[in-house]
Amino acid sequence: MDIPAAPLDPEACYRALKARDPRFDGRFFTCVLTTGIYCRPVCPARTPKRENVRFAESAAAAEARGFRPCLRCRPETAPDMGAWRGSSSTVSRALAQIEDGALDEGDVERLAGRLGVGGRHLRRLFRQHLGASPVAVAQTRRVLLARALLHDSDLSMACVALAAGFGSVRRFNETFLALHGRPPSELRRRRVTTGAAAGGVRLGLPLREPYDAAQVLSDLAIAGETVERGVWHRALVPDDGAEGWLEARLAPGRLDLRASVSDLRVLPRLLARVRRLFDLSADPDIISRDLSADPRLRDLVARCPGLRVVGRWVGVPAAPLIAPESRIPDSWRPWEAYALRHLREASGEDTMPLKAGAASC
């Protein structure tokens, strides 16, 4: 399902910027014409004048326009924008494959072929929904991951380059200079060193509140994941591309992750799987707004606003648990998995059959 993306409302964006409204964090970025920097809506810096700002749909769109990321609000720490997932399944699937490295060795035409669309159509969808090309989005994701590693870890420059998905340190340095106007080593010099991170690389993966951590950990345990005393743990197997382990603990606004891997080149792919497993890209405000329009779900959504749908470590998401004769109301799409999870939570059952022909009011 590909629905035309609604353009950003500049005046609404500026009001959110002035209020530093956290609900809009990650939904747009502010490009400041006088400084050449782009920021999150929650940036603590002084609010620029209205005539000096433009707004971008994504970090990739801001960087494609020549703006550099702010060192104060750190755009790499913004939550993933999940609202577009409700308008373009093609973009959603493309981003999942980009996170798995589809553009590290392949090209856009090959990616488009795997999605069953043409390269020109895929580029148009990315421009429409994210304001940047697939290649620009992939490059920005690599750079933002590198920035996070430079801030939060003591990895060497060579290790950061590999872990962020760059093929070489030279390419890493050249990309950083082109996008940010400074070498990556300068960013590390600005960081306050807290000592070596014992026991692997440490990263904080952002998420949107509300987030029902207890429900997510319980669902992960039921699905066969290892969860002990509020900590998720996974031992890597050869099919993961490296040996080692991952460990994660939920904290307010983020998932604290530790990763010990024998080959840092697989780290972006592992991070994508962790985000999918913990449903970190979900936007609860958008999901609650859409599902609350159905009277059958309104009270359930209000009762459990932080409910999430856990993913699978590998493979496609599990099919919704619903009786074969049932039909999903069209008004639930694309959030039917969340609707069914709310119904299961209310009933305490593993499946929730719907009456054939049931429709939302």
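Structure shown above.
In what follows, the accompanying structure is described. Fair warning: this is a prediction, and the values are worked out from it, not measured in the lab.

Definitions and limits used
- Residues numbered from 1 in each chain as written.
- Predicted model: local features only at pLDDT ≥ 70, side-chain atom pairs only at ≥ 80, totals over all residues.
- Heavy atoms only, no water.
- Helix = DSSP H or I, 4+ residues; strand = E, 2+ residues; numbered from the N terminus.
- Contact = heavy atoms within 4.5 Å.
- Phe/Tyr/Trp six-rings, centres within 6.5 Å; stacked < 30°, edge-to-face > 60°.
- Buried < 20%, exposed > 50% of the residue type's maximum accessible area, 1.4 Å probe, protein only.

1. Digging into the environment of Ala146
Point 1. Mapped onto the secondary structure, Ala146 falls in helix H7 (residues 134-152).
Point 2. Here the alpha-carbon distance between Ala146 and Gly165, two residues 19 residues apart in the chain, equals 8.6 Å.
Point 3. Among all residues touching Ala146, those that are not within four sequence positions of it are Val160, Ala164, Phe166, Phe172 and Phe176.

2. So, the packing of aromatic side chains
Point 1. Scanning the entire structure with this criterion turns up eight aromatic pairs.
Point 2. Relative to Phe176, the ring of Phe172 lies with its centre 5.4 Å away and its plane at 75°, an arrangement referred to as edge-to-face. Separated by four residues within a single helix, Phe172 and Phe176 lie in helix H9 (residues 169-180), roughly one turn from each other.
Point 3. The exposure class of Phe176 is buried, given its relative accessible area of 1%.
Point 4. With 5.5 Å between their ring centres and 90° between their planes, Trp232 and Phe278 make a pair best called edge-to-face. Of this pair, Trp232 sits in strand S7 (residues 231-235) while Phe278 sits in helix H12 (residues 267-278), and the two are 46 residues apart along the sequence. No difference in accessibility class separates Trp232 from Phe278, as the two residues are buried.

3. Comments concerning helix H13 (residues 284-291)
Point 1. Among the residues of H13, Pro284, Ile286, Ile287, Ser288 and Leu291 are the ones counted as buried.
Point 2. Of the surrounding secondary structure, the elements contacted by the buried residues of H13 are helix H14 (295-303) and helix H15 (336-347).

Geometry only, nothing functional implied.
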